[in-house]
Amino acid sequence: MSSGSGHPLAYPVAVTCGALAVCAAWAPFGTLDQVAGIAAVMLGIISYTGYRLVLAFGLLPFRRSGSAQTVRVTRIRQQHRLTNRSWLQIEGTDRPYWLPVYFDPALATLPGAEAKLTGRTIHLGEQRLYPSGRIRNAEPPGRLIDNPSRPDQDAVAHTAMAMRPRRRLLLDAQSTVAAPIAALLWVYIDDGGLPAFVAAATVAATTTIWLSAIQGSDPT
């Protein structure tokens, strides 16, 4: 398993910290109602991030059966609206299952492999993958792209470029198009002016980027 900035959970945790920092930076300049709204956003970010991390580290099960078994897995990339995620299609059971996982560079060149699956963890040999949600028995919606049977010779270099934080942020920022609308709604409810709009738009944009990251966005 990789470590440091290459750890699959390093990026979503860093984005979470950034989102909380942006919210905290605006809090001293807001009214009582605005501060309460920011506090509610921060509480939601902390709570949902905690749940995702607890699930990823195996403190909560992502499937009902906890018995260990060896299964065949292939990586598929999901494109659904503005989201891109990595999934493992799991064979070797009575029917196929799909498990979302946080992106790991090893997934980019994984045509198919045997994995050890329990109700809380999944390992490819000595390498551990981290679930970004619960297992499901229905195919994920959207366009599903299988890994090629023979990975491109330049796949490692392309993956390294895709893993750059700036590029990942730009990809996750696609969903921020709705941030100005949310800010206008907040200004209308709170009867604020331009500073309130800028603050609300910034918080909304940061929150959408965080949501994409913590759900396991795929930069490839």
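Provided above is the structure to which this section pertains.
Residues numbered from 1 in each chain as written. Predicted model: local features only at pLDDT ≥ 70, side-chain atom pairs only at ≥ 80, totals over all residues. Heavy atoms only, no water.

### Things to note about the environment of Phe57
With respect to the helices, strands and loops of the structure, Phe57 is situated in the loop between α2 (32-56) and β1 (69-80). Considering only alpha carbons, one finds Phe57 and Ala196, 139 residues apart in sequence, at a separation of 38 Å. Leave out the neighbours within four places in its chain, and Phe57 touches Leu9, Arg128 and Tyr130. (Helix = DSSP H or I, 4+ residues; strand = E, 2+ residues; numbered from the N terminus. Contact = heavy atoms within 4.5 Å.)

### Describing the side chain of Arg77
Along the chain, the position of Arg77 falls in strand β1. For the buried residue Arg77, which engages in no salt bridge, the nearest side chain bearing the opposite charge is Asp218, 4.9 Å off. Other than its neighbours up to four places away in sequence, Arg77 contacts Asn84, Arg85, Arg143, Leu144, Ile145, Asp218 and Thr220. (Buried < 20%, exposed > 50% of the residue type's maximum accessible area, 1.4 Å probe, protein only. Lys, Arg positive; Asp, Glu negative; His and termini not counted. Salt bridge = Lys/Arg side-chain N within 4 Å of Asp/Glu carboxyl O.)

### Digging into the environment of Tyr51
With respect to the helices and strands, Tyr51 occurs in helix α2. In the structure, Tyr51 is positioned 82 residues away from Gly133 in sequence and 9.7 Å away in space, judged by C-alpha atoms. Filtering out sequence-adjacent residues up to four positions away, Tyr51 remains in contact with Leu60 and Arg134.

### Considerations on the packing of helix α1 (residues 10-26) against helix α6 (residues 194-214)
In the contact formed by α1 and α6, the axes pass within 9 Å of each other and the chain directions differ by 165°. The angle between α1 and α6 falls in the class roughly antiparallel. In this structure, the crossing between α1 and α6 has a hand that is left-handed. Contacts from Tyr11, Pro12, Val15, Thr16, Gly18, Ala19, Val22, Cys23 and Trp26 in α1 reach Val198, Ala199, Thr202, Val203, Thr206, Ile209, Trp210, Ala213 and Ile214 in α6. Looking at the contact of α1 with α6 residue by residue, the class counts come to 14 nonpolar, 4 polar and no charged. (Axes fitted to C-alpha atoms, helices over the stretch in contact; angles between N-to-C directions. Parallel < 35°, antiparallel > 145°, perpendicular 65-115°, else oblique. Left-handed = near helix turned anticlockwise from the far one by under 90°. Nonpolar A, V, L, I, M, F, W, Y, C, P; charged D, E, K, R; others polar.)

### Considerations on the packing of α1 against α2
Two elements in contact, α1 and α2, have axes whose closest approach is 10 Å; the angle formed by their N-to-C orientations is 165°. One finds that α1 runs roughly antiparallel with respect to α2. Handedness of the α1/α2 crossing: left-handed. Taking contact as the criterion, the partners of Val13, Thr16, Ala19, Leu20, Cys23, Ala24 and Trp26 in α1 are, on α2, Ile38, Val41, Met42, Ile45, Ile46, Thr49 and Leu53. Here the contact of α1 with α2 is composed, by residue class, of 12 nonpolar, 2 polar and no charged.

### Side note on a nonpolar patch on the surface
Nonpolar side chains collect at one region of the surface, where Leu185, Tyr188 and Ile189 lie side by side and expose about 410 Å² of accessible area between them. Mapped onto the elements, Ile189 comes out in helix α5 (residues 179-190). (Patch = residues over 30% accessible without salt bridge, like charges linked within 9 Å, V, L, I, M, F, W, Y side chains within 5 Å. Areas by Shrake-Rupley, 256 points an atom, 1.4 Å probe, with all protein chains shown as cover.)

### Considering the nonpolar core
One finds Val73, Leu88, Ile90, Leu107, Ile122 and Leu124 to be the most contacted residues of the largest nonpolar core, which totals 20 residues. At the level of elements, β1, β2 (83-91), β3 (97-101), β4 (113-117) and β5 (122-124) are the ones that each hand at least two residues to this core. Filtering out sequence-adjacent residues up to four positions away, Leu107 remains in contact with Arg75, Ser86, Leu88, Val101, Tyr102, Leu129 and Asn147. If you look at the next biggest cluster of nonpolar residues, it comprises 13 residues, including Ala19, Leu20, Tyr130 and Ala213. (Core = buried A, V, L, I, M, F, W, Y, C linked by side-chain atoms within 4.5 Å.)

### Quick word on the packing of aromatic side chains
Under the criterion given, the structure shown has 4 aromatic pairs. Between Phe57 and Tyr130 the ring centres are 5.7 Å apart and the planes differ by 75°, which places this aromatic pair in the edge-to-face class. Of this pair, Phe57 sits in the loop between α2 and β1 while Tyr130 sits in the loop between β6 (127-129) and β7 (143-146), and the two are 73 residues apart along the sequence. Relative accessible area serves as the criterion here: at 39%, Phe57 is assigned to the partly exposed category. Members of the aromatic cluster, joined through ring pairs, are Tyr48, Tyr51 and Trp210. Cation over ring: Arg168 sits above Tyr11, and NZ or CZ is 4.1 Å from the ring centre. (Phe/Tyr/Trp six-rings, centres within 6.5 Å; stacked < 30°, edge-to-face > 60°. Lys NZ or Arg CZ within 6 Å of the ring centre and 35° of its normal.)

Purely geometric numbers; function is a separate question.
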